[in-house]
Amino acid sequence: MSLFRLLQRACGGRSWSVRLGAVAALAVAAFMAWQGELGGAFGAPVAGTELHGRVIGVADGDTLEVLTEAGQRERVRLAYIDAPEHDQPWGTRARQALAKQVFGRAVVVREHGRDRYGRLLGDVLVEGRDVSEAQLAAGMAWHYLHYARKDQPADSFERYQDAERTARNRQEGLWHDDAPTAPWDFRHAGRR
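Residues numbered from 1 in each chain as written. Predicted model: local features only at pLDDT ≥ 70, side-chain atom pairs only at ≥ 80, totals over all residues. Heavy atoms only, no water.

Below, the discussion takes up the pairing of strand β2 (residues 63-68). Here β2 lies mainly inside the structure; 5 of its 6 residues are buried. The pairing of strand β1 (residues 50-60) with β2 spans 6 bridges and is classified as antiparallel. Looking across to β2, one finds that V58 is bridged to L64. Between β1 and β2, which follow one another and run antiparallel, lie 2 residues. (Buried < 20%, exposed > 50% of the residue type's maximum accessible area, 1.4 Å probe, protein only. Helix = DSSP H or I, 4+ residues; strand = E, 2+ residues; numbered from the N terminus. Pairing = 2+ DSSP bridges.)

Next comes the structure, spelled out in C-alpha cells:
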C-alpha cells in the first residue's frame, strides 16, 4: 500500500481501529526509512527496482554518473565487476572503454542497493546490453567474485565468467599483460 493511501486511511478511516492501524503502519515506514531499510517511498532506491536516465559522467572503468528522468544526479557503481584504478595500468583505458559505451546514452539501472560509499549498485543496460559484461569481454575489468559468489544471480554469474575467461584466453585488454594486478589487491597494497 502506498504512503498516500496509508495517510488517507489514517485521516479518513471509518473506524478507530482502521485509523490506528494506518498510523502505526506510517510510523513503522518512517522508522524503517530513518534506518535506511525502506526505499522508494522516501526517495532511497529499493533493490530490484529500475532507474532510467542518461549518463552524464564516467568516473572510472566501473563507476558512472546518471541524470535520472526525475532530474536527480546519481553515482552508479557497476555491480559484480571491478576495473583497474586510475593509477593502475589500464585504468585510463578502462574508463575510456566505459565512456565509449555509455556517455550521453540512455540507460536502465537495475538497482541492487548501495555500497559503503553511498553509490548506487546496479546492472547498467544500454539498449538491453549489459555494460558490465561488455567491460569484462573487452578485458577492461575483473569479475568481482568476492561479491558475485554471494549475491549475483546464477545466469548472469555464468555469463560474466564466460566473458572474462574469453577475454583472458584472447589476451584482450588488461589480459595482454603478463600478470595484471587485480584492483582489490592494488587497493590493499596502497593501504599498507
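Let us now look at unusual backbone geometry. Backbone geometry at Y80 places phi at a positive 70°, although glycine is not the residue there. In this structure, E127 takes a positive phi of about 50° despite not being glycine. Relative to the assigned elements, E127 resides in the loop between β6 (120-126) and β7 (129-130).

As a further point, take the pattern of salt bridges. Considering all chains together, one arrives at 15 salt bridges under this definition. In this structure, R73 engages E65 in a salt bridge whose closest nitrogen and oxygen atoms are separated by 2.6 Å. On the accessibility criterion, E65 (16% relative accessible area) is buried. D82 is paired through a salt bridge with R187; the nearest N and O atoms lie 2.6 Å apart. (Salt bridge = Lys/Arg side-chain N within 4 Å of Asp/Glu carboxyl O.)

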